[in-house]
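One-letter residues, chain by chain:
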Amino acid sequence: MPERGGGDGVSVASAGEFGLIAKVTARLASAPTTLLGPGDDAALVAAPDGRVIACTDVLVEGRHFRRDWSSAVEVGHRAAAANLADVAAMGGVATALLVALCAPPDLDVSWAEDLADGLGAECELVGAAVVGGDMSSSPVLTIAVTALGDLGGRAPVRRDGARPGDVVALAGRVGYAAAGCTVLSRGFRSPKMLVEAYRRPQVPYWAGPAAAVLGATSMIDVSDGLLQDLGHISRASGVAIDIKREAFDVPPAMRDAASALGVDPYTWVLAGGDDHPLVATFPAGTRLGEDWLVIGAAREGEGVTVNGRAFLDSPLGWEHFR
């Protein structure tokens, strides 16, 4: 890990809790749904639908990110994206984030400020804002984010609605971030396309509400690996899901990196996480449009297969306690 400190030389301990809060909140924009932002005991966020989507995620240094691999701005984008994608996967639109930062006392204030910039910039992509949170001293740098969202009058798209005969379709890219993580773990910084995909995911947030309108029967964001996350839909819905390997177009940069590193690129595509695309099931015959890639189908049975066979080339995806 890089040495802590640096930047403008002011540590969070020197700034103090309330000084740090003031510096961070000064960098945060508001959003139309923010009725009352940072500064009181709690925020006030509009909920036009009358129902609120809520989810949370945690990033721990050394487990989910490394400061020598990603800038604070990039970590902020990743922390926000992990939660905003979960809201989209329910068919909703994010309205607000609450962020808790637990930091070593010698962390540079500028790192926390840049983190806030990344969080805020990712929120702006969906019209949301950071409305509050908490801070604490900790020996391990940890970022906990809670997202709130609105359904816009639609029914939530859950994991348990897939039915035999449904098609399985993907919006967004998959395998890029996992490839970038492998590249960085081997000590390289290129191909840039893959490394940047790991550092700053490109999430198709629009696809969540669009899938709900199209009549998606189930949906999930791919955070831990396509096969593993489809396994959640399979178990919740009581169906088998078969994915077609040939449905995926592996870009040349990924193929070249896989060849150089001795990795099957489909391991990244099928079992890699952190890109946060959305995968959903739809009734057969649904007109999905070019933004959705049909990658398989649901049928009677249980489990997830690739071309009719179990995927045995690697673990199915990320598991926090493995």
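Let me begin by describing the structure that accompanies this report.

So, how was this worked out
Residues numbered from 1 in each chain as written. Predicted model: local features only at pLDDT ≥ 70, side-chain atom pairs only at ≥ 80, totals over all residues. Heavy atoms only, no water. Pairing = 2+ DSSP bridges. Helix = DSSP H or I, 4+ residues; strand = E, 2+ residues; numbered from the N terminus. Axes fitted to C-alpha atoms, helices over the stretch in contact; angles between N-to-C directions. Contact = heavy atoms within 4.5 Å. Patch = residues over 30% accessible without salt bridge, like charges linked within 9 Å, V, L, I, M, F, W, Y side chains within 5 Å. Areas by Shrake-Rupley, 256 points an atom, 1.4 Å probe, with all protein chains shown as cover. Salt bridge = Lys/Arg side-chain N within 4 Å of Asp/Glu carboxyl O. Parallel < 35°, antiparallel > 145°, perpendicular 65-115°, else oblique. Left-handed = near helix turned anticlockwise from the far one by under 90°. Nonpolar A, V, L, I, M, F, W, Y, C, P; charged D, E, K, R; others polar. Buried < 20%, exposed > 50% of the residue type's maximum accessible area, 1.4 Å probe, protein only.

1. Looking at the sheet that holds strand 6 (residues 142-150)
So, step 1. Read across the sheet, four strands follow the order 3-6-4-5 without closing on themselves; strand pairing throughout is mixed. What marks the edges here is a single partner per strand, and that holds for strand 3 (53-60) and strand 5 (129-137). Along the sheet, successive strands turn relative to each other by an average axial angle of 15 degrees, direction set aside.
So, step 2. Alignment of strand 4 (residues 93-103) against strand 6, held across nine bridges, turns out to be antiparallel. The partner of Ala-100 across the bridge, within strand 6, is Ala-144.
So, step 3. Across the sheet, helix 4 (residues 109-124) touches strand 4, strand 5 and strand 6, and the angle it forms with strand 4 is around 165 degrees.

2. Some remarks on the sheet that holds strand 9 (residues 240-243)
So, step 1. Read from one edge of the open sheet, six strands run 8-10-7-11-9-12, paired in mixed fashion. Of all the strands in the sheet, the pair left with one neighbour each is strand 8 (218-221) and strand 12 (303-306). Along the sheet, successive strands turn relative to each other by an average axial angle of 25 degrees, direction set aside.
So, step 2. Relative to strand 12, strand 9 is paired through four bridges, and the arrangement is parallel.

3. Considering a nonpolar patch on the surface
So, step 1. Together, Leu-35, Leu-36 and Leu-44 give the surface a local cluster of nonpolar side chains, amounting to about 270 Å² of exposed area.
So, step 2. Here Leu-35 is to be found in strand 1 (residues 34-36).

4. Details of the packing of helix 3 (residues 72-89) against helix 4
So, step 1. Orientation of helix 3 relative to helix 4, taken along the N-to-C sense of each, is 40 degrees, at an axis distance of 7 Å. As the angle between them shows, helix 3 and helix 4 are arranged oblique. Every pair of crossing elements has a handedness; the one defined by helix 3 and helix 4 is right-handed. Here helix 3 contributes Ala-72, Val-73, Val-75, Gly-76, His-77, Ala-79, Ala-80, Ala-81 and Leu-84 to the contact with helix 4, which in turn contributes Trp-111, Asp-114, Leu-115, Asp-117, Gly-118, Leu-119, Ala-121, Glu-122 and Cys-123.
So, step 2. Class assignment of the residues belonging to the contact of helix 3 with helix 4 gives a composition of 12 nonpolar, three polar and three charged.

5. Concerning the packing of helix 5 (residues 176-185) against helix 9 (residues 252-261)
The axes of two packed helices give the description: the angle between them and the distance between them.
So, step 1. One way to put it is that helix 5 packs onto helix 9 with a least axis distance of 11 Å and a crossing angle of 35 degrees. Where helix 5 crosses over helix 9, the two elements pack in a sense that is left-handed. Residue-level contacts link Tyr-176, Ala-179, Thr-182 and Val-183 of helix 5 to Met-254, Ala-257 and Leu-261 of helix 9.
So, step 2. Here the residues of the contact of helix 5 with helix 9 are counted per class, giving six nonpolar, one polar and no charged.

6. Let's talk about the pattern of salt bridges
So, step 1. Following the criterion strictly, the structure yields 10 salt bridges and no others.
So, step 2. Arg-27 serves as the salt-bridge partner of Glu-113, at 3.8 Å between the closest nitrogen and oxygen. Here Glu-113 is found in helix 4, whereas its partner Arg-27 is found in the loop between helix 2 (17-25) and strand 1, with 86 residues between them in sequence.
So, step 3. Taking relative accessible area as the criterion, Arg-27 reaches 37% and is therefore assigned partly exposed.
So, step 4. Of the charged contacts in the structure, one is a salt bridge between Arg-78 and Asp-274, with a shortest N-O distance of 3.2 Å.

7. Notes on the environment of Pro-209
So, step 1. Looking at where Pro-209 falls in the secondary structure, it is placed in helix 7 (residues 207-214).
So, step 2. Along the backbone, Pro-209 and Gly-92 are 117 residues apart, and their C-alpha atoms lie at a distance of 5.6 Å.
So, step 3. Apart from the residues within four sequence positions on either side, Pro-209 is in contact with Ala-88, Gly-91, Gly-92, Val-93 and Arg-154.

8. Quick notes on the pairing of strand 10 (residues 278-282)
In summary, the side chains of a regular strand alternate between the two faces of the sheet.
So, step 1. Most of strand 10 sits inside the fold, with five of its five residues counted as buried.
So, step 2. One ladder, built from five bridges, connects strand 7 (residues 167-171) with strand 10; its direction is antiparallel. Along strand 10, the bridge assignment pairs Leu-170 with Val-279.
So, step 3. Of the strand pairs in this sheet, strand 8 and strand 10 are connected by four bridges, and their pairing is antiparallel. What sits directly across from Met-219, in strand 10, is Ala-280.

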